[in-house]
Amino acid sequence: MVACQVGTALAVRTDRASLRSIGLASNRLLLWGIAFELAFAATIVTVPPLQAIFGTAVPGPAILIAFPILVWAPDELRRAVLRHRTGR
């Protein structure tokens, strides 16, 4: 869920501009929020007492890489189509 939220946070930054054109580091507060979210989630899935409380396990790296992309990429494609249609 957290990995998908990272993709969503990156996807909803603009209506039409690509992430490449606005830059990944253009919103420092968002990056701090993502870093906190990832650190908090990592704590919940790696600290044994918290694993027992929340019923979590460490996900595989493929999931952590794929899920943000699966959320972000379709939205990036949608913005590219919008830019192409409007001639931007």
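A.B. asks: Give me the lowdown on the nonpolar core, citing residues and values where you can.
C.D. replies: Within the largest apolar cluster, 5 residues are counted, these being Val6, Ala9, Leu10, Leu19 and Ile34. Here this core gets 3 residues from one element, more than from any other, and that element is helix α1 (residues 2–11). When near neighbours in sequence (up to four residues on either side) are disregarded, Ile34 contacts Val6, Ala9 and Leu10.

A.B. asks: Explain the confidence of the model for the protein chain to me, using residue names and the numbers behind them.
C.D. replies: As a general rule, the predicted coordinates of low-pLDDT regions are not to be interpreted in detail. On average, residues of the protein chain score 88 in pLDDT, and 99% of them are at 70 or above. No element of the protein chain has a lower mean pLDDT than helix α2 (residues 19–22), at 83, and none a higher one than helix α4 (residues 48–54), at 95.

A.B. asks: So what's going on with helix α5 (residues 61–86)? Which residues, and what values?
C.D. replies: Between the first and last C-alpha of α5 there are 38 Å, a value that for 26 residues agrees with the 38 Å anticipated at 1.5 Å per step. Maximal helix bending in α5 amounts to about 25°, located at Leu70; proline Pro74 follows within four positions. Residues Pro68, Asp75, Glu76 and Arg79 constitute the buried set of α5. Of the surrounding secondary structure, the elements contacted by the buried residues of α5 are α1 and α2.

A.B. asks: Break down the packing of aromatic side chains for me, citing the residues and quoting the values.
C.D. replies: If you walk through the whole model with that rule in mind, you get 1 aromatic pair. Each ring, one from Phe36 and one from Phe40, has its centre 6.0 Å from the other, and the planes form 15°; the classification is stacked. Residue Phe36 and its partner Phe40 are both found in helix α3 (residues 28–46); the two are separated by 4 residues, about one turn of the helix. Classification of Phe36 as exposed rests on a relative accessible area of 59%.

A.B. asks: Tell me about the layout of surface pockets, and please be specific about residues and values.
C.D. replies: Roughly 410 Å³ of volume is contained in the largest pocket. In terms of lining residues, the largest pocket is bounded by 18 residues, among which Val2, Ala3, Leu38, Ala41 and Leu64 are the most central. Looking at the lining of the largest pocket, the elements with two or more residues in it are α1, α3 and α5. Ranked by residue count, the leading element in the lining of the largest pocket is α3, at 8 residues. Here the residues of the lining of the largest pocket are counted per class, giving 17 nonpolar, no polar and 1 charged.

Here is what the cut-offs are and how they apply
- Residues numbered from 1 in each chain as written.
- Predicted model: local features only at pLDDT ≥ 70, side-chain atom pairs only at ≥ 80, totals over all residues.
- Heavy atoms only, no water.
- Core = buried A, V, L, I, M, F, W, Y, C linked by side-chain atoms within 4.5 Å.
- Buried < 20%, exposed > 50% of the residue type's maximum accessible area, 1.4 Å probe, protein only.
- Helix = DSSP H or I, 4+ residues; strand = E, 2+ residues; numbered from the N terminus.
- Contact = heavy atoms within 4.5 Å.
- pLDDT = per-residue confidence, 0-100.
- Expected span 1.5 Å × (residues − 1).
- Bend = angle between axes of the 7 residues up to and from the residue.
- Phe/Tyr/Trp six-rings, centres within 6.5 Å; stacked < 30°, edge-to-face > 60°.
- 1 Å grid on protein atoms, 1.4 Å probe; cavity = no way out; pocket = protein on both sides within 12 Å on 5 of 7 lines; lining within 4 Å.
- Points joined across faces, edges and corners; volume = space filled by probe spheres on them.
- Nonpolar A, V, L, I, M, F, W, Y, C, P; charged D, E, K, R; others polar.

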